[in-house]
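The lines below spell out each chain.
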Amino acid sequence: MREAGVPEPPGRAEALVPPKRKWTATLRRKKSGVVVSEELTAPSYHVALMEVRKTFKDCTLITLLECEPF
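Just so you know, these numbers come straight off a predicted model, no measurement behind them. (Residues numbered from 1 in each chain as written. Predicted model: local features only at pLDDT ≥ 70, side-chain atom pairs only at ≥ 80, totals over all residues. Heavy atoms only, no water.)

Participant: Mind showing me how you'd approach the overall build of the protein chain here?
Facilitator: When its secondary structure is counted, the protein chain shows 2 helices and 3 strands. Expressed as a percentage of the 70 residues in the protein chain, the buried residues total 19%. Put simply, of all contacts in the protein chain between residues at least 6 apart along the chain, 46% involve residues at least 24 apart. Summed over its atoms, the accessible surface of the protein chain is roughly 5900 Å², and 58% of this surface lies on carbon and sulfur atoms. (Helix = DSSP H or I, 4+ residues; strand = E, 2+ residues; numbered from the N terminus. Buried < 20%, exposed > 50% of the residue type's maximum accessible area, 1.4 Å probe, protein only. Contact = heavy atoms within 4.5 Å. Areas by Shrake-Rupley, 256 points an atom, 1.4 Å probe, with all protein chains shown as cover.)

Participant: I would appreciate a short explanation of the pairing of strand E1 (residues 21-29) in the present structure.
Facilitator: Consecutive side chains of a regular strand alternate in pointing toward one face of the sheet and then the other. Of the strand pairs in this sheet, E1 and strand E2 (residues 35-42) are connected by 8 bridges, and their pairing is antiparallel. Residue Lys 22 lies in a different strand from E2, and its bridge partner there is Thr 41. Between E1 and E2, which pair antiparallel in sequence order, lie 5 residues; one of them, Gly 33, sits at a positive phi of approximately 80°. The pairing of E1 with strand E3 (residues 59-66) spans 7 bridges and is classified as antiparallel. Within the sheet, the bridge partner assigned to Trp 23 lies in E3 and is Glu 66. (Pairing = 2+ DSSP bridges.)

Participant: Where do I start with the environment of Ser 44 in this structure?
Facilitator: Tracing the backbone through its elements, the reader meets Ser 44 in the loop between E2 and helix H2 (45-55). As for Ser 44 and Trp 23, which are separated by 21 residues in sequence, their C-alpha atoms are 9.2 Å apart.

Participant: Can you help me understand the packing of aromatic side chains in this one?
Facilitator: Each aromatic ring pair is characterised by the separation of its centres together with the angle its planes make. Enumeration according to the criterion identifies 1 aromatic pair in this entry. Each ring, one from Trp 23 and one from Tyr 45, has its centre 5.9 Å from the other, and the planes form 70°; the classification is edge-to-face. Taken together, the positions of Trp 23 in strand E1 and Tyr 45 in helix H2 put the pair 22 residues apart, joining distant regions of the chain. With relative accessibility at 42%, the residue Tyr 45 sits in the partly exposed group. (Phe/Tyr/Trp six-rings, centres within 6.5 Å; stacked < 30°, edge-to-face > 60°.)

Participant: What's the story with the pattern of salt bridges in this structure? I'm lost.
Facilitator: Close approach of charged atoms allows side chains with opposite charge to pair. Taken as a whole and judged by the stated rule, the model has 1 salt bridge. Across the pair Glu 66 and Arg 21 runs a salt bridge whose closest N-O atoms are separated by 3.3 Å. Of the two residues, Glu 66 sits in strand E3 while Arg 21 sits in strand E1, which places them 45 residues apart along the sequence. (Salt bridge = Lys/Arg side-chain N within 4 Å of Asp/Glu carboxyl O.)

The structure is reproduced here in structure tokens:
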């Protein structure tokens, strides 16, 4: 089928993994009060939220928004 140009269907493991999406987190640093925006990729809102909490422990999360695809 590959020689005929027909793409192979994804394997079971590949089909179960959701695609990663881009997220923008707006954070306020606790000590300085500076507001920053960080971009990250994650398959879901829950995973993105857990990643922000783990990575930016010295910040307060203001917003976590999914970037719209163009």
